[in-house]
Amino acid sequence: MLPEDDPEPTFAEYLPGKIDYWSADAPVAPRYFPYNRCGVWECSSCGRLYLRYTEGGGYFVDRRIRVLRASLIEDVPLAA
Ligand SMILES: [Zn+2]
């Protein structure tokens with residue numbers, strides 16, 4: 001989901017209202033963190049798609065996975 005015109009994906013998150021990123025109903029905005037650094041994977045046993053945060057290297061490890069629900073995807077433009 002990396003946008004090809006943005007070599008350094010933003011760490012800004014798109015979380016309107018009182019939603020936090022652990023919320024089951026948080027929107028999936030592909031241009032925003034962490035979705036701009038996620039890969040889409042398919043479960044080998046049930047075939048469901050999920051997002052997996054890909055660690056870019058460095059000192060901390062932050063593994064997050066999330067089931068991908070198409071209804072939550074919002075292609076929100078980045079704020080200027
Ligand atoms: Zn599965």
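Preceding this section is the structure that the text describes.
It should be emphasised that the depicted structure is a prediction, and the values quoted were computed from it without experimental measurement.

**Q** Looking at this structure, how should I read the coordination of the zinc ion?
**A** Octahedral metals with six donors have ideal donor angles of 90 or 180 degrees. Tetrahedral metals with four donors have an ideal donor angle of 109.5 degrees. Distances from the zinc ion to its protein donors, Cys 43 (SG) and Cys 46 (SG), fall within 2.1 to 2.2 Å. Using a relative accessible area of 48% as the deciding quantity, one classes Cys 46 as partly exposed.

**Q** Could you clarify how one ought to interpret the sheet that holds strand 1 (residues 38-42) in this entry?
**A** Strand order in this open sheet of 3 strands is 1-2-3, and the pairing throughout is antiparallel. Sheet topology places strand 1 and strand 3 (65-67) at the edges, where each strand pairs with a single neighbour. Sheet twist, expressed as the average angle between the axes of neighbouring strands with direction ignored, equals 30°. Where strand 2 (residues 49-53) and strand 3 come together, 3 bridges link them in antiparallel fashion. Following the sheet pairing, Tyr 50 is matched in strand 3 by Val 67.

**Q** What is the right way to look at the packing of aromatic side chains in this model?
**A** Aromatic rings considered in pairs are described by the distance between their centres and by the relative angle of their planes. Taken as a whole, this structure holds 3 aromatic pairs when the rule is applied. Seen from their ring centres, Phe 11 and Phe 33 are 5.0 Å apart, and the 50° between their planes marks the pair as tilted. With Phe 11 in the segment before strand 1 and Phe 33 in the segment before strand 1, the pair connects residues that are 22 residues apart, well separated along the chain. Between Phe 33 and Tyr 53 the ring centres are 5.6 Å apart and the planes differ by 80°, which places this aromatic pair in the edge-to-face class. Within this pair, whereas Phe 33 is found in the segment before strand 1, its partner Tyr 53 is found in strand 2, the two being separated by 20 residues in sequence. Each of the two residues, Phe 33 as well as Tyr 53, counts as buried. A cation sits over an aromatic face here: Arg 37 above Phe 11, 4.0 Å from the ring centre. Residue placement shows Arg 52 over the ring face of Trp 41; its charged tip is 3.8 Å from the ring centre.

The rules behind these values
- Residues numbered from 1 in each chain as written.
- Predicted model: local features only at pLDDT ≥ 70, side-chain atom pairs only at ≥ 80, totals over all residues.
- Heavy atoms only, no water.
- Donors = N, O, S within 2.8 Å, 3.2 Å for Na, K, Ca; no water.
- Buried < 20%, exposed > 50% of the residue type's maximum accessible area, 1.4 Å probe, protein only.
- Pairing = 2+ DSSP bridges.
- Helix = DSSP H or I, 4+ residues; strand = E, 2+ residues; numbered from the N terminus.
- Axes fitted to C-alpha atoms, helices over the stretch in contact; angles between N-to-C directions.
- Phe/Tyr/Trp six-rings, centres within 6.5 Å; stacked < 30°, edge-to-face > 60°.
- Lys NZ or Arg CZ within 6 Å of the ring centre and 35° of its normal.

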